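Structural characterization, general
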Amino acid sequence: MAFRSRSFRFSLLFVSSSSLQVLFLLTLVRGVVSDEDPTVIPGITTIESHAEGYHQEHKEMRISRLYTDSSGNLQTTDVKPSDLSDSWVWEDSVDEEALNRMKNSQQSDDEHEFGAATFGNEQPPRWDPVKRQRWLLREARKKERVKMLINMTEDAEHLAEEEAIEHAKQFKNTGKGKYSIWRREYENPQSDSTLKLMKDQIILAKVYASIALSKNQNDIYGSLRKQIKESQHAIGEGNSDAELKNGASKKVKAMGDLLSSAKDKLYDCSLMAKKLRAMVQSAEENIHAVKGQSTFLLQLAAKVVTKPLHCLPLHLTVDYFLLEDSKRESQPDPKVLVDPSLYHYAIFSDNVLATSVVVNSTVLYVENAENHVFHIVTDKLNYPAMKMWFLVNSPPHVTVHVENMDDFKWLNSSYCSVLRQLESARLKEYYFKADRPSTLSVANDQLKYRNPKYLSMLNHIRFYLPEIYPKLDKILFLDDDIVVQKDLTPLWSIDMRGMVNGAVETCKETFHRFDTYLNFSHPMIARNFKPTDCGWAYGMNMFDLNEWRRHNLTGVYHGWQDKNVDRQLWKLGTLPVGLMTFYGLTYPLDRDWHMLGLGYDSSIDLADLKKGAVVHYNGNFKPWLDLAIPKYKPIWTKHIKYDNPYIRNCQFNE
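Just so you know, these numbers come straight off a predicted model, no measurement behind them. (Residues numbered from 1 in each chain as written. Predicted model: local features only at pLDDT ≥ 70, side-chain atom pairs only at ≥ 80, totals over all residues. Heavy atoms only, no water.)

Our focus in this paragraph is the overall build of the protein chain. Regarding its fold elements, the protein chain presents 24 helices and 13 strands. Contacts in the protein chain between residues at least 24 apart in sequence constitute 73% of all its contacts with a sequence separation of at least 6. A total accessible area of about 36400 Å² is found for the protein chain, and carbon and sulfur atoms account for 51% of it. (Helix = DSSP H or I, 4+ residues; strand = E, 2+ residues; numbered from the N terminus. Contact = heavy atoms within 4.5 Å. Areas by Shrake-Rupley, 256 points an atom, 1.4 Å probe, with all protein chains shown as cover.)

Structural data, given as structure tokens:
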């Protein structure tokens with residue numbers, strides 16, 4: 001932009017206000033003003049340019065910028081012509097006639113006027129006189145509009161805002177099918193964009209159908225309901241565009257035309273918002289109800305004994321009692337069972353098949369099987385089946401000793417806190433009260449309280465290991481829902497530094513810390529523990545029985561159980577009381593020794609699982625149930641011999 005002998009001032013004016021969001025975002029004003037009495041308007045950026053002559057070089061110009069800072073103070077900065085962006089175009093000539101006519105059209109001297117400027121590629125017109133006259137009139141109107149905006153009162157701004165809103169409401173979109181433009185994938189189609197579009201069409205059609213019915217527009221209502229059914233039929237059970245039925249694209253077009261027509265006749269912004277809000281609320285309520293039912297049914301399915309699992313112990317029990325007395329009463333060498341130099345394992349379970357998988361998978365990776373002893377404890381009901389299974393299916397060379405928990409005479413209510421509590425009417429009321437809700441929507445959260453494992457001593461007998469094995473120094477405790485993938489004998493050589501319990505910690509980031517299991521609103525819990533202390537996992541635990549006895553941890557366990565008779569310290573299970581009993585006496589093992597989550601987390605990579613010495617199906621999706629996560633199930637099933645007569649007769653599926 002070059003300047004003639006006289007100086008020109010050009011201004012770029014941005015008018016923006018919260019109350020004028022719609023009306024004016026950018027106003028560019030051109031005009032000619034004198035150099036005297038420059039006007040500065042707060043919030044408006046003014047750029048002044050002075051030139052000594054028309055042919056003066058750009059480098060001799062002085063460009064200053066006048067602006068107000070964030071504090072409202074007036075500031076000035078200098079700008080070199082070379083620093084201007086490419087959007088500023090320097091012209092060599094200006095239409096002299098146009099400038100003179102604009103100058104002659106100025107109003108009174110006391111009014112503030114704005115100079116001419118050329119921004120971007122926009123130039124003063126050089127066309128015929130008629131077009132030039134129109135251009136000059138537009139420029140005059142811009143000047144008047146800017147002056148009006150500058151002098152506008154607050155009330156006038158509010159009025160202008162309301163007018164703009166009303167104008168926007170009257171805007172009509174005549175384009176057919178432009179009813180779902182909030183989804184970006186419709187602009188750049190993806191693999192499932194058609195399916196998503198059809199689902200959104202159905203939602204909008206239901207809204208318009210509801211409005212049509214309320215306004216007695218029966219024809220529109222009938223057409224929408226018909227088109228909804230056709231679109232739903234085209235979708236069917238499909239989860240992608242490839243699964244849509246033939247003719248889906250025609251249904252999309254037909255629905256689009258119908259929705260556009262319905263919009264022209266029925267659209268009401270506030271009414272649409274109410275209908276959509278009601279649909280969202282209804283959907284949320286349905287989702288909540290479905291989640292409740294899903295939780296209830298999942299917990300119920302996890303506790304149901306399947307037909308093959310029920311069949312197996314029945315056949316084994318019958319065959320056990322058909323054995324001769326000498327075979328039924330046969331026992332391993334007593335010296336082997338108490339030899340502290342051997343590797344001893346403890347498994348407490350009533351599941352015959354699961355226990356066999358634990359034993360088979362463990363033995364598979366050991367070098368000297370004769371040095372490994374498995375101590376299996378079960379209840380009176382399942383003892384014959386468990387005994388019979390290992391009489392005929394025990395792995396070669398290893399020692400398997402099956403015991404009946406009811407034969408432990410010291411395990412009685414006078415010694416055991418849990419047994420004493422189970423005999424109380426208060427606890428029976430807690431677990432079995434008759435007035436507990438039984439509907440799916442109400443009782444799903446209560447079903448976990450009825451889990452038999454919380455009442456079974458097989459779940460609590462792990463706290464009596466020193467009493468069960470008084471002559472052993474160390475023992476490795478294994479749950480029945482684990483699979484061993486490596487040799488576990490190195491665990492006996494780990495220096496636990498005086499700790500009692502060797503376990504893998506579970507507090508990744510903020511998860512599975514003490515506050516997950518214990519009630520820290522209770523002062524007794526708050527005084528003795530920290531909510532951020534790291535939890536650990538039952539399932540594969542190395543216990544130093546000598547240190548256990550020295551610290552009398554069974555007595556500590558009894559003390560906490562007695563204090564929790566009203567279920568105020570923790571609610572369920574043995575892990576919370578285990579965290580309390582072994583607090584400060586747990587040695588953290590490397591995570592690769594024990595990998596968890598196969599019973600609830602489907603996102604675990606199979607490649608990562610191969611590194612685990614023990615993988616644990618903790619959760620509801622046990623590997624012997626149909627609920628099992630399919631990709632994890634082969635890790636467990638490969639240790640079952642499906643050609644075994646008992647397995648074959650009970651029709652277990654591979």
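So that's the structure; there's more coming.
Together, Leu-297, Leu-300 and Val-304 make up an exposed nonpolar region whose accessible area comes to about 250 Å². Relative to the helices and strands, Leu-297 resides in helix 7 (residues 269-303). Under the relative-accessibility criterion, Leu-297 is labelled partly exposed at 47%. (Patch = residues over 30% accessible without salt bridge, like charges linked within 9 Å, V, L, I, M, F, W, Y side chains within 5 Å. Salt bridge = Lys/Arg side-chain N within 4 Å of Asp/Glu carboxyl O. Buried < 20%, exposed > 50% of the residue type's maximum accessible area, 1.4 Å probe, protein only.)

Strand pairing in a sheet relies on backbone hydrogen bonds. The paired strands run either parallel or antiparallel. Strand order in the open sheet made by the 7 strands is 7-6-5-8-11-10-12, with mixed pairing throughout. Edge positions in the sheet fall to strand 7 (399-404) and strand 12 (586-588), since each has one partner strand and no second. Taken pair by pair, the neighbouring strands of this sheet meet at an average axis angle of 25°, ignoring direction. Bridging between strand 10 (residues 501-503) and strand 12 involves 3 bridges; their strand directions are parallel. Following the sheet pairing, Asn-501 is matched in strand 12 by Thr-586. Across the face of the sheet, helix 11 (residues 352-363) comes into contact with strand 5 (343-348), strand 6 (372-378) and strand 8 (474-478) while running at roughly 170° to strand 6. Where helix 12 (residues 383-393) meets the sheet, it contacts strand 6 and strand 7, and its direction lies at approximately 170° from that of strand 7. (Pairing = 2+ DSSP bridges. Axes fitted to C-alpha atoms, helices over the stretch in contact; angles between N-to-C directions.)

Okay, the state of the cysteines next. Applying the stated criterion to the full structure yields 2 disulfides. The partner cysteine of Cys-507 in its disulfide is Cys-534, sulfur to sulfur 1.7 Å. Handedness here is read from the sign of the S-S torsion; for Cys-507 and Cys-534, about -100°, the answer is left-handed. Taken together, the residues span a long stretch of sequence, with Cys-507 in the loop between strand 10 and helix 17 (514-517) and Cys-534 in the loop between helix 18 (523-528) and strand 11 (540-544) at a distance of 27 residues. Cysteine pairing for the protein chain, with bonded cysteines counted in sequence order: 1-4, 2-3. (Disulfide = S-S within 2.5 Å.)

A contiguous patch of positive charge on the surface is contributed by Lys-131, Arg-134, Arg-138 and Arg-141. Locating Arg-138 in the fold gives a position in helix 2 (residues 129-150). Among the residues examined, Arg-138 registers a relative accessible area of 39% and is labelled partly exposed. (Lys, Arg positive; Asp, Glu negative; His and termini not counted. Charge placed at Lys NZ, Arg CZ, Asp CG, Glu CD.)

This brings us to the pairing of strand 11. Within strand 11, 5 of the 5 residues are buried, which leaves it mostly tucked inside the rest of the structure. Of the two faces of strand 11, both are covered, the one formed by Met-540, Met-542 and Asp-544 as well as the one formed by Asn-541 and Phe-543. With 5 bridges joining them, strand 8 and strand 11 adopt antiparallel strand pairing. Along strand 11, the bridge assignment pairs Leu-478 with Met-540. Summarising the sheet, strand 10 and strand 11 pair through 2 bridges and their orientation is antiparallel. Bridge pairing in strand 11 places Asn-501 opposite Phe-543.

In this structure, Leu-312, Leu-476, Leu-488, Leu-491 and Trp-593 are the most contacted members of the largest nonpolar core, which totals 63 residues. If one sorts the elements of this core by residue count, helix 11 sits on top with 7 residues. Excluding anything up to four places from it in sequence, Leu-476 contacts His-344, Tyr-345, Ala-346, Leu-488, Leu-491, Trp-492, Met-540, Asn-541 and Met-542. (Core = buried A, V, L, I, M, F, W, Y, C linked by side-chain atoms within 4.5 Å.)

This part takes up unusual backbone geometry. Not every positive phi belongs to a glycine, and Arg-497 is a case in point at roughly 55°. Look at Arg-497 and you get exposed, because its relative accessible area is 67%. The phi dihedral of Asn-552 is positive, around 50°, even though this residue is not glycine. Counting through the fold element by element, Asn-552 comes out in the loop between helix 19 (545-551) and helix 20 (553-563). Given the relative accessible area of 48%, Asn-552 is considered partly exposed.

Moving on to the pairing of strand 7. Within strand 7, 6 of the 6 residues are buried, which leaves it mostly tucked inside the rest of the structure. Both strand 6 and strand 7 contribute to a ladder of 6 bridges, which runs parallel. Each bridged residue has a counterpart across the sheet, and for His-375 the counterpart in strand 7 is His-401. Crossover connection from strand 6 via helix 12 to parallel strand 7: handedness right-handed. (Right-handed = clockwise from strand over helix to strand, strands pointing away.)

Here we take up the packing of helix 4 (residues 193-214) against helix 5 (residues 218-235). For the pair helix 4 and helix 5, interaxial distance at closest approach is 9 Å and the crossing angle is 155°. By the criterion of interaxial angle, the relationship of helix 4 to helix 5 is roughly antiparallel. As helix 4 packs across helix 5, the resulting crossing turns out to be left-handed. Residues Leu-195, Met-198, Lys-199, Ile-202, Ala-205, Lys-206, Tyr-208, Ala-209, Ala-212 and Leu-213 of helix 4 lie in contact with helix 5, whose contacting residues are Ile-220, Tyr-221, Leu-224, Arg-225, Ile-228, Ser-231, Gln-232, Ala-234 and Ile-235. Across the contact of helix 4 with helix 5, the residue classes tally to 14 nonpolar, 2 polar and 3 charged. (Parallel < 35°, antiparallel > 145°, perpendicular 65-115°, else oblique. Left-handed = near helix turned anticlockwise from the far one by under 90°. Nonpolar A, V, L, I, M, F, W, Y, C, P; charged D, E, K, R; others polar.)

Note on placement: Phe-543 falls in strand 11. Overall, the relative accessible area of 1% leaves Phe-543 in the buried class. Each C-alpha atom of the pair Phe-543 and Asp-473 lies 8.6 Å from the other, and the pair is 70 residues apart in sequence.

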